[in-house]
Amino acid sequence: MTINEIQDEIIEEFALFDDWADKYEYIIDMGKKLKGLPEDQKTEDNIIKGCQSRVWLNAHKDGENLVFEADSEAVIVKGLVSMLIRVLSGHSPKEIAESELYFIDQIGMSQHLAQTRSNGLVSMVKQMKNYAIAYQLV
Amino acid sequence: MTLTEIVDIQKIRADFPVLDQEINGKKLVYFDNAATTQKPIAVINALKHYYEFDNANIHRGIHTLAERATRDFEATREAVRKFLGAASTEEIIFTSGTTNGINLVASTYGRKFIKEGDEIIISGLEHHSNIVPWQMLCEEKGITLKVIPVNDRGELDMEVYDQLLSEKVKLVSVNHVSNALGTINPIKEIIAKAHAVGAVVMIDGAQATSHLDIDVQDLDADFYAFSAHKLYGPTGVGALYGKKALLEAMPPYMGGGEMIKEVTFEKTTYNELPYKFEAGTPNIADVVALKAALEYMDSIGRDKIAAHEDMLLQYATEQLLQIEGLRMIGEAKNKVSVASFVIEGIHPQDIGVLLDNLGVAVRTGHHCTQPLMKRFNILGTTRASFAVYNTIEEVDRLIAGLHRVKKMLA
Ligand SMILES: Cc1ncc(COP(=O)(O)O)c(C=O)c1O
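Residues numbered from 1 in each chain as written. Chains lettered and ligands numbered in written order. Predicted model: local features only at pLDDT ≥ 70, side-chain atom pairs only at ≥ 80, totals over all residues. Heavy atoms only, no water.

### Notes on the overall build of chain A
The number of helices and strands found in chain A is 6 helices and 3 strands. Traced from its N-terminal end to its C-terminal end, chain A shows the element sequence α-α-β-β-β-α-α-α-α. Each principal axis of the C-alpha distribution contributes one length, and for chain A these read about 45 × 30 × 25 Å. Here chain A holds 138 residues, and the buried ones make up 48% of them. Of the accessible surface of chain A, which amounts to about 6900 Å², a share of 48% is contributed by carbon and sulfur atoms. Taken as two groups, the 14 positive and 23 negative side-chain charges of chain A have centres that lie 6 Å from each other. (Helix = DSSP H or I, 4+ residues; strand = E, 2+ residues; numbered from the N terminus. Buried < 20%, exposed > 50% of the residue type's maximum accessible area, 1.4 Å probe, protein only. Areas by Shrake-Rupley, 256 points an atom, 1.4 Å probe, with all protein chains shown as cover. Lys, Arg positive; Asp, Glu negative; His and termini not counted. Charge placed at Lys NZ, Arg CZ, Asp CG, Glu CD.)

### What about the overall build of chain B?
Broken down by element type, chain B carries 14 helices and 17 strands. Over its C-alpha trace chain B gives a radius of gyration of 22 Å, about what one expects of a compact globule, namely 22 Å for 410 residues. By principal-axis analysis of the C-alpha atoms, chain B measures approximately 75 × 55 × 30 Å. Carbon and sulfur atoms make up 51% of the accessible area of chain B, which totals about 16800 Å². Looking at charge distribution, chain B has the averaged site of its 42 positive side-chain charges lying 2 Å from that of its 54 negative ones. (Rg over C-alpha atoms; globule rule 2.2 N^0.38 Å.)

### Thoughts on the site of the ligand
All names here are of chain B. Close contacts around the ligand come from T98, T99, H127, S129, N179, D204, A206, Q207, S227, H229 and K230, and that covers them all. Here an oxygen atom of the ligand sits 3.2 Å away from a polar atom, N or O, in the side chain of H127. Within the side chain of K230, one N or O atom sits 2.7 Å away from an oxygen atom of the ligand. Out of a free accessible area of 390 Å², the ligand has 84% covered by protein chains. (Near = heavy atom within 4 Å. Polar contact = N/O pair within 3.5 Å; in protein donor to acceptor, adjacent residues only side chain to side chain.)

### Thoughts on the pattern of salt bridges
One pass over the full model with this rule turns up 32 salt bridges over all chains. Here R81 of chain B makes a salt bridge to E78 of chain B, at a shortest N to O gap of 2.9 Å. In this pair, R81 of chain B and E78 of chain B are both assigned in helix α3 (residues 64–84), 3 residues apart and thus about one turn of the helix distant. A salt bridge links K243 of chain B to D222 of chain B; the shortest N-O distance between them is 2.9 Å. Of this pair, K243 of chain B sits in the loop between β10 (238–242) and α9 (244–249) while D222 of chain B sits in the loop between α8 (216–219) and β9 (223–227), placing them 21 residues apart in sequence. Among the residues examined, K243 of chain B registers a relative accessible area of 21% and is labelled partly exposed. Given a relative accessible area of 4%, D222 of chain B falls into the buried group. Salt bridges here are not isolated pairs; linked through shared partners, they connect E39, K42, D71 and K78 of chain A. (Salt bridge = Lys/Arg side-chain N within 4 Å of Asp/Glu carboxyl O.)

### Focus on the domain arrangement of chain B
Often, the extent of an interface is quoted as the loss of accessible area on bringing the components together. All names here are of chain B. Once the domains are mapped, chain B shows domain 1 (3–30 + 301–409) and domain 2 (44–298). Centre-to-centre separation of domain 1 and domain 2, based on C-alpha positions: 29 Å. On the side of domain 2, 31 residues touch domain 1, which itself brings 35 residues to the contact. Summing the contributions of domain 1 and of domain 2, the shared interface buries around 2600 Å²; its carbon and sulfur component is 55%. In terms of surface lost to domain 2, no three residues of domain 1 exceed R302, V336 and L372, which account for 26% of the buried area on that side. (Domains from an automatic or database assignment. Contact = heavy atoms within 4.5 Å. Buried area = accessible area lost by both parts, 1.4 Å probe.)

### Quick notes on the sheet that holds strand β5 (residues 119–123) of chain B
All names here are of chain B. On the basis of which strands lie adjacent, the open sheet formed by 7 strands has the order β4-β10-β9-β8-β7-β5-β6 and mixed pairing. Every interior strand has two partners, whereas the edge strands, β4 (92–95) and β6 (144–148), have only one. Within the sheet, the average angular offset between the axes of one strand and its neighbour, ignoring direction, is 20°. With 5 bridges connecting them, β9 and β10 associate as antiparallel partners. The residue of β10 that forms the bridge with A225 is L240. (Pairing = 2+ DSSP bridges. Axes fitted to C-alpha atoms, helices over the stretch in contact; angles between N-to-C directions.)

### Brief notes about the pairing of strand β3 (residues 65–72) of chain A
All names here are of chain A. Summarising burial for β3: 6 of the 8 residues are buried, a large majority. Direction of pairing for strand β2 (residues 55–62) relative to β3: antiparallel, over a ladder of 8 bridges. For W56, the partnering residue across the bridge sits in β3 and is D71. Hairpin connection from β2 to β3: 2 residues lie between these consecutive antiparallel strands, with G63 at a positive phi of about 65°.

### Focus: the UniProt feature "domain: Aminotransferase class V" (unreviewed entry) in chain B
Mapped onto the present numbering, the UniProt feature "domain: Aminotransferase class V" (unreviewed entry) falls at residues 29–398 of chain B. Secondary structure content for residues 29–398 of chain B is 40% helix and 17% strand, while the C-alpha to C-alpha distance between its ends is 8 Å. (UniProt positions renumbered as here; feature names shortened; annotations may be inferred.)

### So, the pairing of β10 of chain B
Within β10 of chain B, 5 of the 5 residues are buried, which leaves it mostly tucked inside the rest of the structure. Across the two faces of β10 of chain B the burial is the same, with G238, L240 and G242 of chain B and A239 and Y241 of chain B all buried.

### Let's talk about the interface of chain B and chain A
Counting residues at the interface gives 18 residues for chain B and 19 residues for chain A. Taking both partners together, chain B and chain A bury about 1500 Å²; carbon and sulfur atoms supply 54% of that area. At the junction of chain B with chain A, the criterion picks out 0 salt bridges. At the boundary of chain B with chain A, the tally comes to 5 residue pairs in polar contact (both at pLDDT 80 or more). Listed by contribution, the elements that provide at least two residues to the side of chain B that touches chain A are α12 (348–357), β16 (363–365) and α14 (392–409) of chain B. No other element matches α12 of chain B, which puts 6 residues into the side of chain B that touches chain A. The class makeup of the residues in the side of chain B that touches chain A is 7 nonpolar, 7 polar and 4 charged. (Nonpolar A, V, L, I, M, F, W, Y, C, P; charged D, E, K, R; others polar.)

### Considerations on the sheet that holds strand β1 (residues 47–48) of chain A
All names here are of chain A. In space, the 3 strands of this open sheet follow the order β1-β2-β3, with antiparallel pairing throughout. The open sheet is flanked by β1 and β3, the only strands paired with a single partner. Direction of pairing for β1 relative to β2: antiparallel, over a ladder of 2 bridges. In the sheet register, I48 faces β2, and the bridge partner there is V55. Strand contacts of helix α3 (residues 75–88): β2 and β3, with the helix running at about 175° to β3, the strand carrying the most contacts. In this fold helix α6 (residues 121–137) packs onto β1, β2 and β3, with an angle of close to 20° to the strand it touches most, β2.

In structure tokens, the structure reads:
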């Protein structure tokens, strides 16, 4: 599936919920299911500092594609991180670098990407793209 | 618990237009009062009135508007003097807030009178605003910074304070009330002991002024700083109290208009107190509105406000402690209406996000007190802080919300 097909799929999943709590329970569930990172990979190098909760991000090449792994100490952020990975991980650096993320807005979670949340998500998206741009060059 | 009405809560709530709104379809519960309080209509009207009728630059013009603006500006100075129990309006300097007041003292008194090899004492309860200015000064001048530790209840360890005091200590700067935990510090004792070794004392009053009666002369404080926005007043304005003799000995903070007597290219002589420390056009409108905030508090009665908040704190603490896995952070014997807590296995940010969806505004995180969080070995807390317009029903909403949050995250 392309990045946009996955985004559309997530938007469809969220269309089933009419209550905020159902949405959040789904996100919390995804957060809990995300494998995360082993402790020894939660390094200062991998950290994306938010004011309130930390996010760790790791990237490596698998053939032609870029694979992301990430973790966070707050479960809602982790759920959002999990969706970002589902959307972006396993695609070519070019696709990732050129992608436009619209699903977060569409599922009504854009406030989590606002600066004020300072949860590291904004920086995480930026960092994922930076990895993609860097891997495009090599 | 039987609850007697200490204040006319419905009337008070009607004074705060912002409270009458829904968040995510639920009536707003505002429990982030330690960050900033909401503003009563009297304060909003004072701002509006100033701009609609009186706006002019102060201390300069001889026209009617300038006179009116100057009169109202100076009337607030008198109101603040009375509020703090200061001897004279010369001792009241308008600032942009607590942070500004502390920096002023560090940059002027600190730079001039504290030298290499001297020591400054702060405490483990401090807000970053009362840590960083002193660190900067210490780094610049080769001064040593010492810290009064905090015990498990969130109180200052006064025995260690006694041990830290010596002739080397030139300044002690502590908060009157801790913003993260609500602890009321024994500042009268702290001040007396510091004076005994010849040190001056700066008090960060940011969290105290909305809850406690302040009397700087009785406390014998040398400097006392606060922010208007934490006591129902506007943002961007505050005041610094300083003893006259100290202020006179201090060099000015910023240079500019208003703070001078005479300027020639050879030499400038400085204006007298308090104008020496008020360079440039001040935040006139907000200073004027600060008076309305002080009057508003007086109209309810400061003792009644405190009693109402204490009642809320007591009720909230009892209810919170019944939540399984919840631990209060900060259980000082003397504290203001701040309930800071952690819930086992749950990140504070998750609590904050979900409570917001339930219409309950709390603060989560380190509250600009990272060293304190480290002391308790936690990432941060969830903090509910209560003001005069909060109600028992709202506390119930918080408690019900926390049960819901726990279930959602389980
Ligand atoms: C104890 C304490 N000190 C200082 C400050 C800084 O106040 P302001 O940001 O208004 O300068 C605060 C505000 O959060 C505070 O709670």
